[in-house]
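Coordinate inspection notes
Here is what each chain is made of, one letter per residue.
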Amino acid sequence: MEQILHFFNDNKEAIFIIVLSVFLGIEVISNVPSVLHTPLMSGANAISGVIIIGGIILLGHADLSTINLKLILGILAVFFATLNVAGGFVVTDRMLDMFKKKKKQTNN
Amino acid sequence: MENTGTIILDLSYLLAAIMFVIGLKLMSHPESSKRGNFWAAAGMLLAMITTLILHKDETGQNIPLSNAILIIAVISVATVVGAIIARKIKMTAMPQLVSLYNATGGLASALVAFMEFSNPENSSTLVTVLGLVIGSIAFSGSMVAYGKLDSMVGDWFTPVLTYINLLILTSLVAASIYISVAVNPFMDINILFYILFAVALVYGVMFVMPIGGADMPVVISLLNSLTGIAAAMAGFIYHNQAMILGGIFVGAAGTILTILMCRAMNRSLINVIIGAFGGGGTAKSDKEVGTIKEISLSDASVLLNYTQKVVIVPGYGLAAAQAQHICSELDKLLTDRGVEVKYAIHPVAGRMPGHMNVLLAEADVPYEKLVEMDDINPDLPNTDVVIVIGANDVVNPAALDDPSSPIFGMPIIKVHEARNIIVMKRGMGKGYAAIENYLFYNDKTRMLFGNAKDTLQKLVSEIKNL
């Protein structure tokens, strides 16, 4: 019990962020037309690549003079996270292009 | 007083977090969705650049130039690879790609957590373990989902699996708690940690394995929110607000999206995860089963040519056969001959919600011709001909009148109310839910067997000759 209280106290700011983010996420996504579920999922997927920051921090402070675990894992983490971010946003953009094209035709 | 660089970094994280939220908000409306994606991407870029320039480790060291160059090099290569694949991939393969990219995000989270476990400055073992476990599950689960969507991996379900999975999950939770409490993170990476990593990877596979192909969108959405949560856990390790907020925000949004998708199919999330379809549903056997009647291409073309109102119901078969373009050609041909053509879009038609809209838009079908299920249903009794192309469960009347059917209660397109029905199908195989479709035995129904693309091609040339 004391450990839990201790944990809360150490991380209370983060816990506040978490609780509010949950409500924010729910609020933003509710009432979305089903047509947009796929692009939205893809967009959210790209944002979940925010782990790229963790990868940058990891690789940023790795020792480059020798080959070590931190260096290798750092490179892999940055590489895969970037795939998630870059690929995710480009795919989403391509999906949304389809909607834009439709709109133009509707206006004609 | 912290130094200016760190304060600016924190400010940029705040800005990035705001851009994520605004981005996703804009993305949820058709008119602003493209701008939303841009905002979210810009927020990510901002956070990446400021981290690279301003981040300081525990000893107050900035990222050295040599490391920064290495990071930029890796990012550049990955960006080019990721963007090229995303640009080149076929529209029909898009769901797989989303799944694949989700897997890479989960893997990155797991790797970061794995490394930070041995960092003596890392104060919280619990979040590190959680980051590793959740990230690994998201990774291996998404890879299996990718394989299934790409038809490389089949469905595999035995009732025992549910219990095995429960057992693995329980031991995962127990081991995570044990490691968090008992293991000293100052030690080198503990053997238990490796085991945990491995078990989490196995669990991801076992968790997705029994879930049927048509439920994949729901699962991907779920795994997507797991990746977000894993990233947030890594954010905890670094006390990084952008990662925590971005990760949890996406985690929550993904969970809600998952629930919305389930609702569109009138199923609960638990139902999807346990894989209740599994062919277990035996439809009523006392029901009068009629005979299947085929229609010849020439009869079909005459029927379509001399009619007023046609509704096309596209399904996964259309996407699988890449028949969207020829379908659009048929539509244009009929429209030129004065036939009113519309498309009835079921919310979960295709492999992902909205998948059909995207595919048909790619084939230049005008937006106003795509009508959502609830809007087209009242119109169907006045429709002369309905063409069902590669759709099955979403037009099965059993969902309306057979309480014993596994899909009972799922909203469907009421095709059976139309005057004539033409069903294009590869063969007499059952749909994803593996249940009999009485629509095919309906007196008004005529079947056109064959690959959707070939059949449509022949139909188009037949009509042209009239």
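This structure is a prediction, so every number in the text was calculated from the model and none was measured. (Residues numbered from 1 in each chain as written. Chains lettered and ligands numbered in written order. Predicted model: local features only at pLDDT ≥ 70, side-chain atom pairs only at ≥ 80, totals over all residues. Heavy atoms only, no water.)

1. Looking at the overall build of chain A
Helices and strands together make up the secondary structure of chain A, namely five helices and zero strands. The linear arrangement of helices and strands in chain A, starting from the amino end, is α-α-α-α-α. Counting all 108 residues of chain A, 57% fall into the buried class. Pairs at least 24 apart in sequence give 58% of the contacts found in chain A among residues at least 6 apart. (Helix = DSSP H or I, 4+ residues; strand = E, 2+ residues; numbered from the N terminus. Buried < 20%, exposed > 50% of the residue type's maximum accessible area, 1.4 Å probe, protein only. Contact = heavy atoms within 4.5 Å.)

2. Side note on the overall build of chain B
Scanning chain B for helices and strands turns up 17 helices and six strands. Every one of the 466 residues in chain B was classed for burial, and the buried ones make up 56%. Long-range contacts, defined here as pairs at least 24 residues apart, represent 76% of the contacts in chain B between residues at least 6 apart. For chain B, the accessible area works out to roughly 18,700 Å², and carbon and sulfur atoms hold 62% of it. (Areas by Shrake-Rupley, 256 points an atom, 1.4 Å probe, with all protein chains shown as cover.)

3. What about the interface of chain A and chain B?
Tallying the contact residues gives 81 residues for chain A and 105 residues for chain B. Together chain A and chain B conceal approximately 8,300 Å² of surface at their shared face, both sides included; 78% is due to carbon and sulfur atoms. The largest contributions to the chain A side of the interface with chain B come from Met41, Ile47 and Arg94 of chain A, which together make up 9% of the buried area. Between chain A and chain B we count three salt bridges in total. As a salt-bridge pair, Asp93 of chain A and Arg87 of chain B come within 3.4 Å of each other at their nearest N and O atoms. For the pair chain A and chain B, the number of links is 15 residue pairs in polar contact (both at pLDDT 80 or more). Secondary-structure elements contributing two or more residues to the side of chain A that touches chain B are helix 2 (12-29), helix 3 (37-47), helix 4 (51-60) and helix 5 (69-107) of chain A. (Buried area = accessible area lost by both parts, 1.4 Å probe. Salt bridge = Lys/Arg side-chain N within 4 Å of Asp/Glu carboxyl O. Polar contact = N/O pair within 3.5 Å; in protein donor to acceptor, adjacent residues only side chain to side chain.)

4. Re helix 9 (residues 241-264) of chain B
All names here are of chain B. Taking 1.5 Å per residue, 24 residues should reach 34 Å; helix 9 reaches 34 Å between its end C-alpha atoms and fits that length. Here helix 9 lies mainly inside the structure; 20 of its 24 residues are buried. The backbone nitrogen of Ala242 lies 3.1 Å from a side-chain oxygen of the residue at the head of helix 9, namely Asn240. (Expected span 1.5 Å × (residues − 1).)

5. A word on the sheet that holds strand 2 (residues 340-345) of chain B
Residue and element names in this part refer to chain B. Sheet architecture is open: six strands sit in the order 3-2-1-4-5-6, paired in parallel fashion. The sheet terminates laterally at strand 3 (370-372) and strand 6 (445-449), the two strands that pair on one side only. Going across the sheet, the axis of each strand differs from the next one's by a mean of 25 degrees, ignoring polarity. Contacts between helix 14 (residues 355-362) and the sheet are confined to strand 1 (309-314), strand 2 and strand 3, with strand 2 contributing the most and set at about 145 degrees to the helix. (Pairing = 2+ DSSP bridges. Axes fitted to C-alpha atoms, helices over the stretch in contact; angles between N-to-C directions.)

6. Structural notes on the pattern of salt bridges
Residue and element names in this part refer to chain B. Under the criterion given, the structure shown has nine salt bridges over all chains. One salt bridge connects Asp331 with Lys369, and the closest N-O pair in it is separated by 2.5 Å. In this pair, Asp331 is assigned in helix 13 (residues 324-336) and Lys369 in the loop between helix 14 and strand 3, connecting sequence segments 38 residues apart. We classify Lys369 as buried; its relative accessible area is 15%. Asp384 is the partner of Arg419 in a salt bridge, and the nearest nitrogen-oxygen pair spans 2.7 Å.

7. Section: the nonpolar core
Formed by 181 residues in total, the largest nonpolar core has its most connected members in Ile52 of chain A together with Val313 of chain B. In terms of residue count, the dominant contributor to this core is helix 9 of chain B (14 residues). When near neighbours in sequence (up to four residues on either side) are disregarded, Ile52 of chain A contacts Val78, Ala81, Thr82 and Val85 of chain A together with Met44, Met48 and Ile75 of chain B. (Core = buried A, V, L, I, M, F, W, Y, C linked by side-chain atoms within 4.5 Å.)

8. Points about empty space enclosed by the protein
According to the stated counting rule, one finds four cavities of 30 Å³ or more in the structure shown. Taken as a whole, the largest cavity holds about 50 Å³ of empty space. Lining the largest cavity we find Ser34 and Val35 of chain A together with Ile345, His346, Pro347, Gly354, Asn357 and Glu372 of chain B. (1 Å grid on protein atoms, 1.4 Å probe; cavity = no way out; pocket = protein on both sides within 12 Å on 5 of 7 lines; lining within 4 Å. Points joined across faces, edges and corners; volume = space filled by probe spheres on them.)

9. Here we look at the environment of Ile412 of chain B
Relative to the elements of secondary structure, Ile412 of chain B occurs in the loop between helix 16 (398-401) and strand 5 (420-425). For the pair Ile412 of chain B and Asn396 of chain B, spaced 16 residues apart in sequence, the C-alpha to C-alpha distance is 7.0 Å.

10. Some points on the packing of aromatic side chains
Residue and element names in this part refer to chain B. Scanning the entire structure with this criterion turns up six aromatic pairs over all chains. Measuring from centroid to centroid gives 3.8 Å for Phe117 and Phe193, while their planes differ by 15 degrees, and the two rings are stacked. Taken together, the residues span a long stretch of sequence, with Phe117 in the loop between helix 4 (94-116) and helix 5 (125-149) and Phe193 in helix 7 (residues 191-208) at a distance of 76 residues. No difference in accessibility class separates Phe117 from Phe193, as the two residues are buried. Plain terms: the ring middles of Tyr203 and Phe207 are 6.0 Å apart, the flat faces sit at 15 degrees to each other, and that makes the pair stacked. Here Tyr203 pairs with Phe207, and both are found in helix 7, just four residues apart, close to one helical turn. Tyr203 gets classed as buried once you look at its relative accessible area, which sits at 9%. For Phe207, a relative accessible area of 9% corresponds to the buried category. Each member of the aromatic cluster is reached from another via a ring pair, and the members are Phe114, Phe117, Phe193, Tyr194 and Phe197. (Phe/Tyr/Trp six-rings, centres within 6.5 Å; stacked < 30°, edge-to-face > 60°.)

11. Focus: the side chain of Thr51 of chain B
Along the polypeptide, Thr51 of chain B turns up in helix 2 (residues 33-54). In this structure Thr51 of chain B comes out as buried when scored by relative accessible area, which is 0%. When near neighbours in sequence (up to four residues on either side) are disregarded, Thr51 of chain B contacts Ile53, Ile56 and Ile57 of chain A together with Leu9, Tyr13 and Ile63 of chain B.

12. Quick notes on the packing of helix 1 (residues 4-27) of chain B against helix 2 of chain B
Residue and element names in this part refer to chain B. Direction vectors running N to C along helix 1 and helix 2 enclose 165 degrees, while the axes themselves pass 7 Å from each other. As summarised for this structure, helix 1 and helix 2 are arranged roughly antiparallel, according to the angle between their axes. As helix 1 runs across helix 2, the sense of the crossing is left-handed. A per-class count over the contact of helix 1 with helix 2 returns 17 nonpolar, nine polar and one charged. (Parallel < 35°, antiparallel > 145°, perpendicular 65-115°, else oblique. Left-handed = near helix turned anticlockwise from the far one by under 90°. Nonpolar A, V, L, I, M, F, W, Y, C, P; charged D, E, K, R; others polar.)

13. Structural notes on the side chain of Asn224 of chain B
Within the element layout of this structure, Asn224 of chain B appears in helix 8 (residues 216-238). When sequence neighbours within four positions are dropped, the list of residues in contact with Asn224 of chain B reads Met41, Ala44, Asn45 and Ser48 of chain A together with Asn102 and Val250 of chain B.

14. A few points about the confidence of the model for chain B
Summarising the model, chain B shows a mean pLDDT of 84, and 89% of its residues fall at 70 or more. Within the model, the stretch residues 276-287 of chain B combines pLDDT values under 50 with 20 contacts to residues more than four positions away or in other chains. (pLDDT = per-residue confidence, 0-100.)

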